Every structure is written in C-alpha cells, then in structure tokens.
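The lines below spell out each chain.
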Amino acid sequence: RRTSPLLEYCGKQIDQRNDGRKLRSEGSSIYARKPNKRTNNVTWSQEEYAHLGFQYAYLGLKSVQRFTETWSLIERMHNR
C-alpha cells in the first residue's frame, strides 16, 4: 500500500501520546459522522482535518480511493 509509510508515521505519533486511544476513537467518529456536510456543504472542517486521529482514519480509509481515482483520471487523459 502506498499510504503505509504515512499511516505508520501517523500511528506512531498517536502511540506516543497518553490519549492515543481516545484520539483514534475520536478520529473514527469524526470520519463516520461527516458533521459539516449537513450545515456547511463541506465534508469536514479544517479543524477536523487537523485532528490526528482523523488523519489516521482518513489515511487508512480514503487515501487509497483518492489515489485510484487520480490514477484513473491520468490514464483517461493519456489515452485521449
């Protein structure tokens, strides 16, 4: 997985903190709720993107999808 080094680094940053378990839990919750989508027409706020636990969840779940989408777009452009 291409995101493994980033995911590993982020995980180490969380593990070094006393509240690491809480950060992971909060991050997963933020990811699942998408609280701003209903009110601000954005998925997550800048504060939520800055949350270390959210970053860990996002890297593990979303970055592979974004890479795949980008790769597909590049292939389509190349084959035009």
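What you are looking at is a predicted structure, and each value in this text was computed from that prediction instead of being measured.

(A) Focus on the pattern of salt bridges. A complete count under the given rule lists 4 salt bridges for this structure. For K12, the salt bridge is made with E8, and the minimal N-O distance between the two is 3.3 Å. Here K12 and its partner E8 are both found in helix 1 (residues 4-15), 4 residues apart, which amounts to about one turn of the helix. By relative accessible area, K12 is classed as partly exposed at 45%. Since its relative accessible area comes to 49%, E8 is described here as partly exposed. A salt bridge links R17 to D19; its shortest N-O distance comes to 3.1 Å. D19 sits in the partly exposed class, given a relative accessible area of 28%.

(B) Quick peek at the side chain of S45. Position of S45 relative to the elements: it lies in the loop between helix 3 (37-40) and helix 4 (46-50). Of the polar contacts made by the side chain of S45, one reaches the side chain of E47; its length is 3.3 Å.

(C) Representation of the packing of aromatic side chains within the structure. Going through the model one piece at a time under the given rule, you end up with 8 aromatic pairs. When the ring of Y31 is compared with that of F54, the centres are 6.3 Å apart and the planes differ by 35 degrees; the resulting orientation is tilted. Pair noted here: Y31 is in helix 2 (residues 20-33) and F54 is in helix 5 (residues 52-61), with a separation of 23 residues, a long-range link. According to the relative accessible area criterion, Y31 is buried, its value standing at 16%. Residue F54 is classed as buried on the basis of its relative accessible area of 1%. Ring geometry for W44 against Y58: centres 6.0 Å apart, planes inclined by 90 degrees, an arrangement best described as edge-to-face. With W44 in the loop between helix 3 and helix 4 and Y58 in helix 5, the pair connects residues that are 14 residues apart, well separated along the chain.

Procedures and definitions
Residues numbered from 1 in each chain as written. Predicted model: local features only at pLDDT ≥ 70, side-chain atom pairs only at ≥ 80, totals over all residues. Heavy atoms only, no water. Salt bridge = Lys/Arg side-chain N within 4 Å of Asp/Glu carboxyl O. Helix = DSSP H or I, 4+ residues; strand = E, 2+ residues; numbered from the N terminus. Buried < 20%, exposed > 50% of the residue type's maximum accessible area, 1.4 Å probe, protein only. Polar contact = N/O pair within 3.5 Å; in protein donor to acceptor, adjacent residues only side chain to side chain. Phe/Tyr/Trp six-rings, centres within 6.5 Å; stacked < 30°, edge-to-face > 60°.

So, to be careful, I would describe these as geometric facts and stop short of saying anything about function.
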